[in-house]
Amino acid sequence: MRFLLVEDNDDLAQAIVARLSLDGHGVDRAATLDDADHFTAGAPYDLILLDLALPDGDGRQFLTRARARGIDTPVIVLTASSAVGDRVDTLDIGADDYMTKPFDFNELEARCRAILRRRGGVAQSLRQFAGFAFDPLAASLTIGAETRELRARELRLLEILLTRPGQTFSKSHLIDRLFSYDETVSDNAIEVYVGRLRRKLDGSGARLETLRGLGYRLLPE
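Given the structure is predicted, the values throughout are model-derived calculations rather than measurements.

**What about the overall build of the protein chain?**
Each helix and strand in the protein chain was counted, giving eight helices and 13 strands. Taken over C-alpha atoms, the radius of gyration comes to 19 Å for the protein chain, in line with the 17 Å a tight globule of 221 residues would show. Considered along the principal axes of its C-alpha atoms, the protein chain spans approximately 55 × 35 × 30 Å. Across the protein chain, every contact between residues at least 6 apart in sequence was considered, and the portion connecting residues at least 24 apart equals 58%.

**What to know about the sheet that holds strand 8 (residues 127-129)**
Reading across the sheet, the four strands line up as 8-9-10-11 and stay open at both edges, with antiparallel pairing between neighbours. Strand pairing shows two members of the sheet lacking a second neighbour, strand 8 and strand 11 (146-149), which therefore form its edges. Strand-to-strand, the axes of this sheet are offset by a mean angle of 25 degrees, without reference to chain direction. Set on the sheet, helix 6 (residues 152-163) makes contact with strand 8, strand 9 (132-135), strand 10 (140-143) and strand 11; between it and strand 9 the angle comes to about 115 degrees.

**Let's talk about the pairing of strand 12 (residues 206-211)**
Each regular strand displays side chains that alternate between the two surfaces of the sheet. Looking at chain direction, strand 12 and strand 13 (residues 215-220) are connected through six bridges and run antiparallel. Considered in strand 13, the bridge of Leu211 is made with Gly215.

**Observations regarding the pattern of salt bridges**
Using the criterion set out here, one finds 18 salt bridges in the structure. Glu7 is paired through a salt bridge with Lys101; the nearest N and O atoms lie 2.8 Å apart. Highlighted residues: Glu7 in the loop between strand 1 (2-6) and helix 1 (10-22) and Lys101 in the loop between strand 7 (97-100) and helix 5 (105-120), separated in sequence by 94 residues. Residue class for Glu7 comes out buried when judged on its relative accessible area of 1%. Salt-bridge contacts for Glu191 lead to Lys171; the nearest nitrogen and oxygen are separated by 2.9 Å. Here the residue Glu191 occupies a position in helix 8 (residues 189-200), and Lys171 occupies one in helix 7 (residues 171-178), the gap between them amounting to 20 residues. Residue Glu191 is classed as partly exposed on the basis of its relative accessible area of 41%.

Reading the values: the criteria
- Residues numbered from 1 in each chain as written.
- Predicted model: local features only at pLDDT ≥ 70, side-chain atom pairs only at ≥ 80, totals over all residues.
- Heavy atoms only, no water.
- Helix = DSSP H or I, 4+ residues; strand = E, 2+ residues; numbered from the N terminus.
- Rg over C-alpha atoms; globule rule 2.2 N^0.38 Å.
- Contact = heavy atoms within 4.5 Å.
- Pairing = 2+ DSSP bridges.
- Axes fitted to C-alpha atoms, helices over the stretch in contact; angles between N-to-C directions.
- Salt bridge = Lys/Arg side-chain N within 4 Å of Asp/Glu carboxyl O.
- Buried < 20%, exposed > 50% of the residue type's maximum accessible area, 1.4 Å probe, protein only.

By themselves, these are just geometric observations and shouldn't be taken as functional.
See the structure below:
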């Protein structure tokens, strides 16, 4: 998934980005409200982690603007304030969850997973397609009696393709979904992950097709 982290504390931001990146998520980091507005204007996100005390204002201003612009991306607020009134106000203007600093990273990851499951519905639970079973929570692919583990970006790539089987996803779209802005991505990065996923799908009834100059799509044989 692709996350936006809005946090001005460098040490905390680096720790969060490192932790979520281990799960294969692409994480863009904004340190100000202006940066956050810029990022959300340029790309869709699956989840936003939002600090409230930012150098150029209150994170609730960004949240209010985002909801007014029709951005319905789930938002988890991260803040040092534990006041009940602040939590209620933040949830009322459109936040989906609220965590008080300092927080446990395991809990943060669990809350992210819970929101993404609610957001995706059946897309986040066990999926059956063309002779294989895909469990994103276990990061596994089962073909017949054999279970194959998926690496983080293989998993995210399959999740994307399974949202719309048969639809062609361009290379640029997949790069946007799999990598963050500050990652250096080579021209053949997507080809590498497509090749790895294609090998994992070998023996199933699925075909990961390359359309030269257009992108990739997942089809039944």
